[in-house]
Each structure stands twice: as structure tokens, then as C-alpha cells.
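Here is how the chains run, residue by residue.
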Amino acid sequence: MVLSVVQTAEEISSSAISSVFASRYVQDPMPRYRMPENTIPKEVAYQIIHDELQLDGNPRLNLASFVTTWMEPECDKLMIESMNKNYVDMDEYPITTELQNRCVNIIANLLNAPLASNKQAIGVGTVGSSEAIMLAGLAFKKKWQNKRKAEGKPFDKPNIVTGANVQVCWEKFARYFEVELKEVKLSEGYYVMDPKKAVEMVDENTICVAAILGSTLTGEFEDVKLLNDLLAEKNKRTGWDTPIHVDAASGGFVAPFIYPELEWDFRLPLVKSINVSGHKYGLVYAGIGWVIWRSNEDLPEELVFHINYLGTDQPTFTLNFSKGSSQIVAQYYQFLRMGFEGYKRVIRNCMENAKLLVDGLKQTGRFDIISKERGLPLVAFGFKDTNKSLAFELSKALRHHGWIVPAYTMPANVEHMAVLRVVVREDLGRQLVEKLVSHINGALLELDETTDAVPKISFTVEVKSSDEDQHHESRHDHEGSLHLPTTSIHWKQDKHDRIQKKVHISGGKTNGVC
Amino acid sequence: MVHSFFLSVTKPPSSFSLPLASLIPSLPSSKMVLSKTASTSDVSIHSTFASRYVCSSLPRFKMPENSIPKEAAYQIINDELMLDGNPRLNLASFVTTWMEPECDKLMMEAINKNYVDMDEYPVTTELQNRCVNMIAHLFNAPLGESEAAVGVGTVGSSEAIMLAGLAFKRKWQNRRKAEGKPYEKPNIVTGANVQVCWEKFANYFEVELKEVKLREGYYVMDPVKAVEMVDENTICVAAILGSTLNGEFEDVKLLNDLLIEKNKQTGWDTPIHVDAASGGFIAPFLYPELEWDFRLPLVKSINVSGHKYGLVYAGIGWVIWRSKEDLPEELIFHINYLGADQPTFTLNFSKGSSQVIAQYYQLIRLGFEGYQNIMENCRGNALVLKEGLEKTGRFNIVSKDEGVPLVAFSLKDNSCYNEFKISEMLRRFGWIVPAYTMPADAQHIAVLRVVIREDFSCTLAERLVLDITKVLHELDTLPATLSTKVLNASEEKKVKNGTVVKKTEIETQREITDFWKKYVMQRKTNVC
């Protein structure tokens, strides 16, 4: 009581009493690549990181991505509550495991999996569609290998047939798991895989044909039914048994609600597995995907690891192990809360808003709309003007308003085109769409103005004495008038440089978008 | 409100027939005018537990037809989740279950940011790169002054290990191809105490897993035996810093020295990977003089779990490579962000960025000093628990003092009851303390394992000792009871044999232990 605590000046300044911005921590340089020696107060750490993160784009205005950026506060609460639960501890958290199983069954039913009553669906929750695709691909590969081994044929050159519009993770799968990727080239005006060409490319080493429901570039649905029919015919002729995988990452939660009559899922007999992203139109934050298999036989037993939990056998098939369980809980929340009705309304609203945007863009008279009306709620558009850089400039101009609208070059064969893509998510309401259209109009005006930029003129002034001067006698005079020697001026007008930002994603491929 | 914000009601409710309401469309809702219908049909007025949602059964395997209010959905899920174990009392797992509220806030703010959108969220990408560099420096990576470390943030150590393994495999393949030798039969040498994800890697990426067997009293990989098993097809030897079973550190230095000698003899170039999932954030702070990291020349890559002693919630791991040469270029996908080249090497694509930000928070908030203090506290609390257990006089302590702060112990005398019974009894007090059998060649030993995390304080340690004593006392007074399942199992056997033999007590006891052993065998490596 008597002894007052002696503090050094440094300690006083770093004490919890002073406000964060009054402390020395906002002044001191923070070592960027080394762990700091000493501890700093938690408020300061929070403030420093929070402030730096402000420089990131605003996720809500990021129209580049399908990934959900808004959820109801109730769900946020559930997520933070289950953040410290490890999803793989099935023994300790049986309810979380149960919720995952329910989600798998709900999705399998939605995708018309042929389930006998009270039989569990075969599927698994993953971190995203990438993991889902790798698991599905692995199952196909193993199944194909087993078949070839049984037949006594070579099994070292597996391949997979897809359209050139696939997402980058298929390329990853091919490279990491040593499978050849055979891509069906696109052609102008037709930006999805042509089923006929795809079936032509199938050979005895093909482990599966991957169709995409909702192409990342244009949102178009591939004709899975036609593919199924053609492939069934080819299988009958050749005796092979080539299956189909449907990559419904973005379309899996769209088609069942607004195009229930479209046959693309397990109703088609050759479709053996489907992956779908919970974090796209499944309406959950990033970090959840699902893969569903048609039946037990389509998932080779040797890939499954068995965990025994509370006396019941829990088979697992994942690439990741420990992870949080927030996203699983959130997915179940959405299913329970929204129901079929809710999802249908959300998707319908998205489609309406996409249409509104299309109308707005058409009115400008400057764009070609590349996306189809039937498909995902996204709008892909390119300039009628063939100048490729215009798209990139528009993208840049919109960024000034806060909008993130990326411009892409299309994949091989149609790479001369640059398109802009706006994904209409549930949280892009009518008001925001209208605002976006008006900002695009403003940006177009700006672009037109900057096109007539002030030409740069460079002068070269050469000063040399003319022939006359050399013979002039007054050269040595110390008084008299000054004779300016003849000067010649060369000038040329430079073409002004256009600055453009190209988004080359994954080695020139344009499908790193998600 | 029944409808979520984005479910704008396009059709008016059926009761909405008054012309007055339709004349005033700007009214927020018809319920203001029609107060009668509101009170009977608007469920938002009722308390959740007064609504029909808590008494009607929800379809569990099909999507429900209709929407329900968000409050009800929250309550239903929240209530069901109460039946899960309490993560804080889960002493089975290394995975962090507590973080500071400030960090919770940061995580929640970043939950809707997609980590792979590097173009849109450049700062998040930058934070990830800073974490990689900080960890690389912590592990003494030989980096030049302005050289950036090579590494990547992953979902967990599983992904990290698969990436590291893939890099070794590809590098080995490339070398064999260049030498014109066959490259079909790669293998990897590890101890039998490895985590299940090594098995997964081997299975999925078609690599043979050669396990060094354990023996009683020595529960980690023996470097001498491991080096013996190395052949020309070995893509790497994986050492574990902090064995999952008893927290012991393997002797990476000895392994390195032996392997250098062998490499010199044979001309091979077998590298080492260190799986420091749990020990990576322990050793640099508590045992700075221990050489296990990039100070050893053969260590080419290290993985560490951010969500273990990195003190972040589940969902973050890291893998660091010694240098660019150790990561084959063809595995890297290049993403161009804001004009700068951003190489990526991951199995997952879209995921939230919360965990990366949380890791950066912990690194700068705690600093070296903070981590050191926490690890020292953990070690202190482990000691408290260990002494408490020793005082009961009933347990053998299997874990070593030097290593990951955990206490693994087994009964000195398991003739009346075994470790599994204790685990089960402790669950009644709320404690989740798992029991395991050790892997092959030491499998007759069962151990209980308590992981000391930062949030396991001295008070809790003392409490646990007290509860264990209580359990022991209770078990002592009870006659040895046999589970009916086990009885049935032995009964069946008798019938099958056709002869009814009266078994001695010891025989029955042996059978029971056998049964338990079989039961737990499958889950031996599923600990994390």
C-alpha cells in the first residue's frame, strides 16, 4: 500500500490505460517476417490487424465470386459457438457428426439418389468442391484400376475427359494424382463441353467423363442427358463401362429448385457421383462442399478409413482431417430454416435480379450478353467493340466505386474474347443492381472520354549552325546583332499507351474463378 | 419475421385482401393494418418454445418443404448441439478450444472472405505470407536477408503432409526418370506411431508405407532401424516431433547423421520430413538447443499444425520447405494477383480466411515471449498432474518429461479393471480422457492420455487428479463387473466349440482384455 509500484517509462506507455492509438505500438515498426520478441496487448493486436484488413476488398461487393458472403445473424452465432469443435472428433461430438450425415442425406435426396427407404446415402462433407472433386476422381481411378487389374490389362495410363471450361481443380487433380486430362475444346458461341466430341474422346483408359452443371464462365448447363445417352450407346458397343461425374459446384443448388424437370442428376443411370459446393448457392460461408455417390459400389472400399465411434462404425473418406465444424452446422441451419420453399425463392430472386441487370446492360447498347438466360444467375458480357482492353478498363473503373467485377479472357480457341462476369448472389438486391447499372453507365462515359486522351507530342530540337553561318564574317565580331542559327524541329505524335491488367489465372488458364 | 431478409415476399399472404392495404404498398407489412391475423398467424410473436416447431418432428433426411423462423432454427440446432461433449473439457485432443474474444471478433469479421480470392483480398494473402515467413524463421530455415520463405497455409496437418509427400514423390520420380531407372514403387519410412493421415497419403497417392515397429518401453521410431529400412525407392523418412501417443520427440539429429552416412555409402539422396504437428510450436520455445529443424541439412520440409500449439481453432496447418529446389515447379499453380505472381500449392481451393488471420493475431500478439510463457505454463501444469497421479501410486507414467506437454499413463495393476473403464467413468464427471492401445508390437499396453492445452489450468489439473482418485476408489469397492457384450462373446465361442468348458477367472479376464484390445485396435491412430 505504501510502496507505489515503480514503472519504467516504457511500461507506462504500454499500459492498458492508454488508448490504442496513444500507445507506442501504432508507432513502432512491426517485424513482418519474424515473430516479434515481446507480447503486445490484445486490444492493440486486434486494432492493428483489423485496420490493415480494411484495405481488402469488401466481400459483399465482390461480384467475382459465387461464394456466399452474407448469412443471418442467428447462423453467425451458431458458427462462432461451434468454431472450437473439431469436426473429426466424432467420438466426442456425436451430434455434429449426426448433422453432417443428415446434410448428406438431404442433398442425396435432392439430387434424386436411388435410396431404398431407411438406407443411408453415401457422401461426405468436404472443405470445398476441390476436395470433393479429388475424392470423386480418386474413387473413379481406383475403381478403373481394380477393373483393369481384374482383366489383366495395363492400368498405368488413366485419363479423364472434360470440357476446356472446367475449374482449375480438375487440372490439379490430374497433375497430383497422375491422370491425363483430355479437354474438349470450345468454339465461339458455344462455351460448354460438346457431348458428342466428348464421347468421341473416350477410350478404354477413360476413368470418367466430367460434365459441368453451371459452367464457371457463362453459367450455362451442359447437356448431361445427351452425354448420358451417347455414352450409354458407346458403352454398349465397346463393352467399356465409362461413368459420368457431374461437377455441380455452382448449379447443384440451382437446378433442383427452378428447373426440376431438367434431368442431370442420379436420374441418369451413368451418373455415379456428383459434387456440389455448399458455400455457393448452398448459402453457407466459404469452406464447405459435398460429394455424393450413387451407391456403395461406386466408392471402392479400400479408400475408406473406418473410425469406430460410440460403438457404431463411422466410415470416413477425406483428404483433410482436423477442421472446424462451423460450416457443417451452418449448412444444416440453412436446410432447416429455408426448406425447399426458401431456397426456391432465393434462387428465383437471384434470377430476377440477373434479368434486371441484363436489361440494364442491353440498354447501353455496348455489350453482347454471353451468358444464357437458362442457367446460373450470372451475367457474362463482353464489349461489341473488339478491343480487348476495354473490358479490363471497365473492370478497373468499377473498382473505383468499390465494385469488384473481374474481366477474363476466355479459354483456348476463343481466347480473343474478354468478358466481364457478375455473379448474382442472394445478397445482391434490386437496389444494388440498379446502382451497378448506373455506375457502369458512368464508367462507360469516362472510358469514352479517356479514349480521346491528350496526345503526347515529343519534340527534338536540334541546334546546328547552317552552312551560311559558317561562312559568315560577323562570327568573330564582338559587337552587333545576334544571329540565331537555323533550328530544325522534329516532332512526332506518340500513340498513348493503354494500361491493362490481365488476369492470367493458373498458367494462362482462365478458370481459376470460383 | 418468417422470411429472411432476402426472401422478399413477392406474393401477399392470402389473408391480404383489403383494398386499403393494396393501395398503400409502401407500408412495411400488412400486419400493421390487420392486427387480428398477425396475432394468430405470425409466429414471430410467440416465444420459440411456444411455437409448433419444437413439437413437430422435422424431416431429418429430406429437406423440409417450408421455411421456419430463424429464431426457431437457431434454437433447435443450438439445443441439439448441447448434447455434444464440451470442447473445453475434451482432454483427448491437441486442438485449441479457447481463444481471446478479440481474436474471435477478427475471425467472425473474416468468415465471409474467401481465402483464395487473392486478387480481391490482397491483405489476407499478405498476412498468410507473413505467417509462413515467421514460422520458417522459427524453424531456422536458411533464408537470405530479403529472401521469402517457401511454404503454404493448409486446412490442417493432413493437407500439409500430403503436399509435402507429393513434393518428395515428384522429386524422386523426376530423379529416377533422369537416371533411366524404374519409378513405379515409391515407399516412405516412418515409425508405427504415425498419425492416420500418413496411411491416407500412402493409400491415395500410391506410395508404400514401411513402418518401423515399436517395442515395449520405446514408443517412437528407432532411427537405426529406420535407416536400415531405407532403400533406393524411399522418397523420404518421416520423423515425428511429438509422438501422438506419448508426446516424445524422436531423435531427428541421430536420424540425420545416420542417413547422411548411408547416403554417402550408397549415393542415394534420401531426405527427411519432420512431422512437427504438435511439437513444432513446443520445441523452439522450451528446447531451443534441440536440433530437429532446418539446422539439420537433410530436413527438407516440416509441417506444423497451427491449430495445436499454434493456439488457433481447428482448421489451420502449415508446411514449410527448406528452399525452392525442394518443391518441384510442376506442382505449383501460378495465380497472377495485382500484377504480382502468387504461386499456390494446395489441395483445397475456396475456404474461409478466419484461421489465417487468427494465426497472424496470435503470432504478433504473443510474440516469442508469449508463446514461451504459455508453453512453460503447460509444462508446469503437466508436472502438477503427473505428480498427482504418481502420488496415487497406481499408475505408470508412460510419457517423458521432455516432449509435448501431455501425460500418458497406464495402470500398474489392470487385473480388476482397465484403463478403458477409468476413461468411461471419468466421462460422468464431464472429462473426456481417451484410452488407447499402443500400435503393433507394443499393443498389449493401454494408456490414458491427457493433453495439456493452454486453457487447462493448474486448478483443473488438481481437480482431475481428485476425480481420478474418486473413480479409482469407486472401482476398488465395486466387484469386477463384466460387460454383457463380452459375456455374450465368450458364451458364443463356447457353443461353437461344442464343449462347455468352465473357465477359470483368469481365462475370462484374458478374454475380456482381448475383446477390448480388438475393439480399440481400429481406432489406434485416429487421435489428433
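Residues numbered from 1 in each chain as written. Chains lettered and ligands numbered in written order. Predicted model: local features only at pLDDT ≥ 70, side-chain atom pairs only at ≥ 80, totals over all residues. Heavy atoms only, no water.

A. Quick look at the overall build of chain B. Helix and strand content of chain B: 15 helices and 13 strands. By the burial criterion, 58% of the 528 residues in chain B qualify as buried. Taking the intrachain contacts of chain B between residues at least 6 apart in sequence as the baseline, contacts between residues at least 24 apart amount to 70%. Just so you have it, chain B exposes about 22000 Å², and 54% of that area is on carbon and sulfur atoms. (Helix = DSSP H or I, 4+ residues; strand = E, 2+ residues; numbered from the N terminus. Buried < 20%, exposed > 50% of the residue type's maximum accessible area, 1.4 Å probe, protein only. Contact = heavy atoms within 4.5 Å. Areas by Shrake-Rupley, 256 points an atom, 1.4 Å probe, with all protein chains shown as cover.)

B. Structural context of the sheet that holds strand 12 (residues 407-409) of chain A. All names here are of chain A. Strand order in the open sheet formed by 4 strands is 10-11-13-12, and the pairing between neighbours is antiparallel. The sheet is open, and its two edges are formed by strand 10 (367-369) and strand 12, each paired on a single side. On average, each strand axis in the sheet is inclined to that of its neighbour by 35°, with strand direction left out of account. Where helix 11 (residues 389-400) meets the sheet, it contacts strand 10, strand 11 (378-383), strand 12 and strand 13 (418-423), and its direction lies at approximately 35° from that of strand 13. (Pairing = 2+ DSSP bridges. Axes fitted to C-alpha atoms, helices over the stretch in contact; angles between N-to-C directions.)

C. Broad picture of the pairing of strand 13 of chain A. Residue and element names in this part refer to chain A. Of all 6 residues making up strand 13, 6 are buried, and the element is well covered by its neighbours. Burial along strand 13 is two-sided: the face carrying Ala418, Leu420 and Val422 and the face carrying Val419, Arg421 and Val423 are both buried. As paired elements, strand 11 and strand 13 share 4 bridges and run antiparallel to each other. What sits directly across from Val379, in strand 13, is Val422.

D. Expanded view of the pairing of strand 5 (residues 272-275) of chain B. All names here are of chain B. Residues Ile272 and Val274 of strand 5 are buried on one face, and the alternating residues His273 and Asp275, pointing to the opposite face, are buried as well. Where strand 4 (residues 234-240) and strand 5 come together, 4 bridges link them in parallel fashion. Among the inter-strand pairings, Ile240 is bridged to a residue of strand 5, identified as Asp275. In this fold, the crossover linking strand 4 to strand 5 by way of helix 9 (residues 252-266) has right-handed handedness. Pairing of strand 5 with strand 6 (residues 299-305) involves 4 bridges; the strand directions are parallel. Residue pairing in the sheet places Asp275 in a bridge with Asn303 of strand 6. (Right-handed = clockwise from strand over helix to strand, strands pointing away.)

E. A look at the pattern of salt bridges. One pass over the full model with this rule turns up 43 salt bridges over all chains. Its salt-bridge partner being A:Arg32, residue B:Glu126 comes within 2.9 Å of it at the nearest N-O pair. With B:Glu126 in helix 5 (residues 122-138) and A:Arg32 in the loop between helix 1 (9-13) and helix 2 (42-53), this residue pair bridges two chains. For B:Asp467, the salt bridge is made with B:Lys470, and the minimal N-O distance between the two is 3.5 Å. Taken as a pair, B:Asp467 and B:Lys470 lie in helix 13 (residues 458-477) at a separation of 3 residues, close to a single helical turn. Connected through shared salt-bridge partners, A:Arg32, A:Glu52, B:Glu126 and B:Arg130 make up one network. (Salt bridge = Lys/Arg side-chain N within 4 Å of Asp/Glu carboxyl O.)

F. Main features of the interface of chain B and chain A. Between chain B and chain A, the residue contacts involve 123 residues of the former and 124 residues of the latter. For the pair chain B and chain A, the two sides together bury roughly 11400 Å², of which 59% comes from carbon and sulfur. One can count 10 salt bridges joining chain B with chain A. Linking chain B to chain A there are 53 residue pairs in polar contact (both at pLDDT 80 or more). Elements represented by at least two residues in the side of chain B that touches chain A include exactly helix 3 (70-81), helix 4 (101-110), helix 5, helix 6 (157-179), helix 7 (196-204), strand 8 (333-337) and helix 11 (354-392) of chain B. The biggest single contributor to the side of chain B that touches chain A is helix 11 of chain B, with 13 residues. Looking at the side of chain B that touches chain A, its residues break down into 58 nonpolar, 35 polar and 30 charged. (Buried area = accessible area lost by both parts, 1.4 Å probe. Polar contact = N/O pair within 3.5 Å; in protein donor to acceptor, adjacent residues only side chain to side chain. Nonpolar A, V, L, I, M, F, W, Y, C, P; charged D, E, K, R; others polar.)

G. Representation of helix 3 (residues 73-81) of chain A in the model. Turning to helix 3 of chain A, its buried residues number three or more, namely A:Glu74, A:Cys75, A:Leu78 and A:Met79. Projected onto a plane normal to the axis of helix 3 of chain A, the buried residues spread over an arc of 140° and lie on a single side. On its buried side, helix 3 of chain A packs onto helix 10 (326-364) of chain A together with helix 3 of chain B. (Arc of directions from axis to C-beta.)

H. Fine view of the side chain of B:Lys386. Residues and elements named next belong to chain B. Tracing the backbone through its elements, the reader meets Lys386 in helix 11. Look at Lys386 and you get buried, because its relative accessible area is 16%. Here Asp401 takes part through its side chain, which lies 2.9 Å from a polar atom of the side chain of Lys386. Apart from residues lying up to four places away in sequence, Lys386 is in contact with Ile397, Asp401 and Val407.

I. The arrangement of the UniProt feature "modified residue: N6-(pyridoxal phosphate)lysine" (unreviewed entry) in chain A in detail. The sites that carry the UniProt feature "modified residue: N6-(pyridoxal phosphate)lysine" (unreviewed entry) are, in the present numbering, A:Lys280. In this fold, A:Lys280 is placed in the loop between strand 6 (271-277) and strand 7 (289-293). (UniProt positions renumbered as here; feature names shortened; annotations may be inferred.)

J. Region of interest: the domain arrangement of chain A. Residue and element names in this part refer to chain A. Splitting chain A by domain gives domain 1 (76-337) and domain 2 (340-444). Computed from C-alpha atoms alone, the centre-to-centre distance between domain 1 and domain 2 is 29 Å. With 32 residues of domain 1 in contact, the opposing surface of domain 2 contributes 29 residues. Both sides of the domain 1 and domain 2 interface together cover about 2500 Å² of buried area, and 68% of this is carbon and sulfur. For domain 1, the biggest contributors to the area lost against domain 2 are Leu217, Phe257 and Tyr281; these three give 26% of the whole. Residue Arg374 pairs with Glu261 through a salt bridge whose shortest N-O separation is 3.6 Å. Where domain 1 touches domain 2, the interface holds 5 residue pairs in polar contact (both at pLDDT 80 or more). Counting only elements with at least two residues in the side of domain 1 that touches domain 2, the list comes to helix 9 (255-258) and helix 10. Counted by class, the side of domain 1 that touches domain 2 contains 16 nonpolar, 12 polar and 4 charged residues. (Domains from an automatic or database assignment.)

K. The arrangement of the UniProt feature "modified residue: N6-(pyridoxal phosphate)lysine" (unreviewed entry) in chain B in detail. Residues and elements named next belong to chain B. Summarizing the sequence annotation, UniProt attributes the feature "modified residue: N6-(pyridoxal phosphate)lysine" (unreviewed entry) to Lys308 in the numbering used throughout. Tracing the sequence through the fold places Lys308 in the loop between strand 6 and strand 7 (317-321). Note on Lys308: relative accessible area 7%, which makes it buried.

L. Here's a closer look at the confidence of the model for chain A. The pLDDT averaged across chain A works out to 83; a share of 82% of its residues lies at or above 70. Residue range residues 497-511 of chain A is modelled with pLDDT below 50. Its contacts to residues more than four positions away, or to other chains, number 42 contacts. (pLDDT = per-residue confidence, 0-100.)

M. View of helix 11 of chain B. Residue and element names in this part refer to chain B. A rise of 1.5 Å per residue sets the reference length of helix 11, with its 39 residues, at 57 Å; its end C-alpha atoms lie only 44 Å apart and thus fall more than 12% short of the reference. Where helix 11 bends most, the angle comes to about 90°, and this point is Gly367. Positive phi appears at Gly393, one or two residues downstream of helix 11, with a value of about 75°. (Expected span 1.5 Å × (residues − 1). Bend = angle between axes of the 7 residues up to and from the residue.)

N. Region of interest: the side chain of B:Lys113. Mapped onto the elements of the fold, B:Lys113 is located in the loop between helix 4 and helix 5. Polar side-chain contacts of B:Lys113 include one of 3.0 Å to the side chain of A:Asp56. In this structure, B:Lys113 is in contact with A:Leu53, A:Asp56, A:Gly57, A:Pro59, B:Tyr121, B:Thr124, B:Lys351, B:Gly352 and B:Ser353, ignoring residues within four places of it in sequence.

O. Up close: the environment of B:Pro142. All names here are of chain B. Summarising the element assignment, Pro142 is placed in the loop between helix 5 and strand 1 (150-154). A relative accessible area of 47% places Pro142 in the partly exposed class. Sequence spacing of Pro142 and Ser323 is 181 residues, and the spatial spacing of their C-alpha atoms is 7.9 Å. With near-sequence residues (within four places) excluded, Pro142 lies in contact with Glu147, Phe294 and Arg322.

P. Layout of the packing of aromatic side chains. The tally for this structure, following the rule as stated, stands at 26 aromatic pairs over all chains. Ring geometry for A:Tyr176 and B:Phe345: centres 5.6 Å apart, planes at 85°, overall edge-to-face. With A:Tyr176 in helix 6 (residues 168-176) and B:Phe345 in the loop between strand 9 (340-344) and helix 11, this residue pair bridges two chains. Ring geometry for B:Phe281 and B:Tyr371: centres 5.7 Å apart, planes at 20°, overall stacked. Remark: B:Tyr371 occurs in helix 11 and B:Phe281 occurs in the loop between strand 5 and helix 10 (283-286); sequence separation between them is 90 residues. Each member of the pair, B:Phe281 as well as B:Tyr371, is classed as buried. In this structure, A:Arg32 packs its charged tip against the face of A:Tyr33, placed 5.9 Å from the ring centre. Between the NZ or CZ atom of B:Lys177 and the centre of the ring of B:Tyr183, over which it lies, the distance is 5.0 Å. (Phe/Tyr/Trp six-rings, centres within 6.5 Å; stacked < 30°, edge-to-face > 60°. Lys NZ or Arg CZ within 6 Å of the ring centre and 35° of its normal.)

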